[in-house]
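One-letter residues, chain by chain:
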Amino acid sequence: MNEPWGEDGPAVAARQVTKTYANGVRAVRAVDLEVPPGEIRAVVGENGAGKSTLMKMFYGLEQPSTGEILVGGRPRVLRGPASAIALGVGMVHQNLMLVPSFTIAQNVVLGVEPGRRGLVDPKAAVETTARLAEESGLTVDPKARVDEVSVGMRQRTEILKALHRQARVLILDEPTAVLTPQESEDLFAAVRRLRDGGMTVLFISHKLREVREISDQVSVMRAGALVGTIATADATERSLASMMVGRDMSLDVDRTPARPTDTTLRVRGLRYEAPTGQSLHGLDFDVAAGEIVGVAGIEGNGQSELAEILAGLRRPTTGTVHIDGTDTAGLDVAGHRRAGIGYVPEDRLHNGAALDASIADNLVVDRHERPPLARHGVLHPGAVRAHAEQLIDQYAIRTPDPSVPVRALSGGNMQKVIVARELSAQPSLLIASQVTRGVDIGAMRFMYERLVDARDTGAAVLLISADLTELLALSDRLLVLKDGRLVARFDDTTGLTEKRVGLYMLGVEEHDRGRLTTGLENVGEEAP
Amino acid sequence: MSSVLDVVLSSAFLAAALRIATPYLLAALGGLVAERAGISNIALEGQMLSAACTGALVAGYSGSVTVGALCGVAVATLLGVLLAALRLELGADAIIAGIGLNLLASGGTAYAVYSLLDDKGGTSGLKSGSLPTVTLPGVENVPVLGDVVSGQNMVTWLAFLAAPFVAWLFYRTRFGFHLRAVGEMPDAAASVGIAVRRVQYTGLALSGALAGLAGVFLSMGYVSFFVRDMTAGRGFIALAAVFLGGMRPWGVFLAALGFGAAEALAVQLGSLDVPPQLVSTIPYAMTLVALALYAWRRKRRGRVVPTAASL
Ligand SMILES: Nc1ncnc2c1ncn2[C@@H]1O[C@H](COP(=O)(O)OP(=O)(O)OP(=O)(O)O)[C@@H](O)[C@H]1O
Ligand SMILES: [Mg+2]
């Protein structure tokens, strides 16, 4: 079905490609890039550097303003994804593009369904999917509904979609941002196998360790331009980082020991019967002002439910939550905020921001009714704008103007808008869920510093993350969640290794109840 | 009370229920197709009304019932396409555009009838005839069944065939597959190269055609003339059936049938000693109760309903 490729030459290439969006943002500037067939090429760069935009041009979702795109050695005009697909280009988007109520097999074949005379042959769809999964080593359950499977399986479904279209070039835009370490490993194994079968892979990631592990060569973008391409063997995380930001930077976080004071968050006997998802079975813990408590666990073991309960988005079935001595039962979300809670949700696209509203408006939604932004219930547009400009500057949000809708920001910059809003509210308890998901290393470091600052100015921080490195680097104390229960508590994280924590995450080891509740006041006598 | 039971179990009642359910079935399935394509067809009511009026007028003037019916369905189809165009080309809100089309249809049909026939009420002065009925040789003589199904209008037969047709379309054909994908996740559909707009236009045209058939039935089957605003909210009740039926063809079929039966009951009760004002509210009251039940069941089934965020 594919259109012919040239005899030799690069699998995909860009020649002097520039892209200016309708709103005047020049996202890609005069980029020359060549990727030979059968290579895994990583593309790295800060948030907003133009990586996704460049990839969308290879996939026909955006058209270059000037310059040309080559696929299979020849210049091509890609009017839409359909023409890119016909040329053998497949793309897995940063935000997955699957139909939730369809089965995996249906999603895989969507657009090129097996069957004759306008009919779809569901059996053939399942068989095709199973065969592709078998050949590529990307295990999926063809008959499962997409909204009922793990993120990892959805990701594999996306790749199978491309394979079903006989892709020869596979673009993966931050495929690992939402995967557990094990799922990432499996993905890499499959990607390597595809490469060995002749596939050309373009791989975008902010995790430089992964880039070093998987790629053959790395191309670095900065502010829309390509700054260089180097062999992965010659690259170190540090050298890549300095190419990305244009100066030397250190990747370590300086963290003085915590000086915890009074208990800010007190959770007792917290149970939650989840209609869908993970239930919680009696959690007891404290977080004191001036400390960062990390919550580790494989995703889907109750972290999201816990965060949403604490933020007031769900109501617990039984148990109590106190913030600075105030019982939060019966408070609505605004009440939770008034009680001093700041919340950075993990799903920033759906819960964190109003995508079509401007950056400035998103930055004031929690404080628009108060001076200095409003007086007597009337907003001061000037004050709103000044407030936004200050935060945009402080948090290095890459945008031409505060009036830009959040939807037009790059993935990492959307995240920064939310973090800026939540941290600048100076909460007494900050719940931070996957704060650094999808942000570049500069921003990551910046957010680490902000979290430590928040702690040092007396906030209690509950840090929920799928990234153990991040948890160990930041947490003063660490809790482990498994199947909706606390299974471990480390009051001292110095010398703690990822491997050791991993054993608790997997349920190989477990702390007894005595250790989990030492020093907690008013713990009910409850069987776990 | 026993007289009510007698009424409900009589074959005359069942036959009436099928006849009365016909426009609900067709319009509801039309609404379903549009809903699943991602554009709510609030204009079902107006499409039915326009088709009813066009059908009666054209049949009356041309002398051909077939031509009248075809023209009626065609007008409703065009209104479906128009709604899609307003939504897709001009970015209008589908609800607002739909309400606009309904008002246009109500005023437009009244105006057309008045200017052609000089009659403010309807086309009863015009002899337009009605669509043929279908008698099944053999079945005709079977007790009860024969009385119920034989002699029904051909559109009633079409209405009952429409449910399996839509189910087949949705779950067996490539078009239906694309339609459902487009309605649920347009970005995902576009990213695999499906022509999203083309699918939506086709879906809305089909939706309009089904509503048109419902309208044609009203003025050329149910009765044989057009009366101003004769749809009487059926398009909206059909829309309720779409949601009540869980947006699935057979669910919608059952819901629409239920509304038809309720109305048939109201009609029959009218002949008994029950205040007619009360009786005529039955279909509408049932719609409300059904929607409330539907919402309650959905909530109970445990879709996470987060407490309202009030920042
Ligand atoms: N649809 C759009 N309209 C206008 N500007 C856009 C649009 N999409 C992206 N941009 C802008 O183009 C620039 C590059 O964005 P892009 O998404 O390519 O960045 P990225 O390198 O993928 O970043 P990230 O790592 O955060 O995903 C950003 O400044 C962004 O604000
Ligand atoms: Mg991106």
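Definitions and limits used
Residues numbered from 1 in each chain as written. Chains lettered and ligands numbered in written order. Predicted model: local features only at pLDDT ≥ 70, side-chain atom pairs only at ≥ 80, totals over all residues. Heavy atoms only, no water. Near = heavy atom within 4 Å. Polar contact = N/O pair within 3.5 Å; in protein donor to acceptor, adjacent residues only side chain to side chain. Areas by Shrake-Rupley, 256 points an atom, 1.4 Å probe, with all protein chains shown as cover. Helix = DSSP H or I, 4+ residues; strand = E, 2+ residues; numbered from the N terminus. 1 Å grid on protein atoms, 1.4 Å probe; cavity = no way out; pocket = protein on both sides within 12 Å on 5 of 7 lines; lining within 4 Å. Points joined across faces, edges and corners; volume = space filled by probe spheres on them. Nonpolar A, V, L, I, M, F, W, Y, C, P; charged D, E, K, R; others polar. Domains from an automatic or database assignment. UniProt positions renumbered as here; feature names shortened; annotations may be inferred. Contact = heavy atoms within 4.5 Å. Buried area = accessible area lost by both parts, 1.4 Å probe. Salt bridge = Lys/Arg side-chain N within 4 Å of Asp/Glu carboxyl O.

An unreviewed UniProt entry lists chain B under the name ABC transporter permease, from Streptomyces coeruleorubidus.

An unreviewed UniProt entry annotates chain A as ABC transporter ATP-binding protein of Streptomyces coeruleorubidus.

A. Focus on the site of ligand 1. Residues and elements named next belong to chain A. Of all residues adjacent to ligand 1, which total 20 residues, the nearest are Asn-47, Ser-52, Thr-53, His-206 and Gly-412. Interatomic distance of 3.5 Å between a side-chain N/O atom of Tyr-21 and a nitrogen atom of ligand 1. Lys-51 is positioned such that a nitrogen or oxygen atom in its side chain is 2.8 Å from an oxygen atom of ligand 1. For ligand 1, whose accessible area on its own is 640 Å², the fraction buried by protein is 87%. Among the secondary structure elements, those contributing two or more residues to the shell around ligand 1 are helix H1 (51–58) and helix H14 (411–424). Sorting elements by how many residues they give to the shell around ligand 1 places H1 first, with three residues.

B. Representation of the layout of surface pockets. Residues and elements named next belong to chain A. Taken as a whole, the second largest pocket encloses approximately 1300 Å³ of empty space. Lining the second largest pocket we find 46 residues, and of these Lys-207, Arg-209, Asp-467, Leu-468 and Thr-469 sit closest to its centre. Within the residue set of the lining of the second largest pocket, elements represented by two or more residues are helix H6 (181–196), helix H7 (208–214), helix H15 (441–456), helix H16 (468–474) and helix H17 (498–505). Tallied by class, the residues present in the lining of the second largest pocket amount to 19 nonpolar, 13 polar and 14 charged. Viewed by domain, the lining of the second largest pocket spans two of them, domain 1 (12–245) and domain 2 (251–340 + 427–528), each represented by three or more residues.

C. Structural detail: the UniProt feature "domain: ABC transporter" (unreviewed entry) in chain A. Under the feature "domain: ABC transporter" (unreviewed entry), the UniProt entry names residues 12–248 and 265–508 of chain A. Taken end to end, residues 12–248 of chain A is 34% helix and 26% strand, and its first and last C-alpha atoms sit 31 Å apart.

D. Up close: the domain arrangement of chain A. Residue and element names in this part refer to chain A. Each assigned domain of chain A is listed here: domain 1 (12–245), domain 2 (251–340 + 427–528) and domain 3 (354–424). For domain 1 and domain 2, the distance between their C-alpha centroids amounts to 34 Å. Taken together, the 15 residues of domain 1 in the interface contact eleven residues of domain 2. Around 1000 Å² of area is buried between domain 1 and domain 2 when both sides are counted, 55% of it from carbon and sulfur atoms. Connecting domain 1 to domain 2 are zero salt bridges. Our count for the contact surface shared by domain 1 and domain 2 stands at one residue pair in polar contact (both at pLDDT 80 or more). Going through the elements one at a time, H7 and helix H8 (237–245) are the ones with two or more residues in the side of domain 1 that touches domain 2. Residue contributions to the side of domain 1 that touches domain 2 peak at four residues, all from H8. Looking at side-chain class alone, the side of domain 1 that touches domain 2 contains six nonpolar, four polar and five charged residues.

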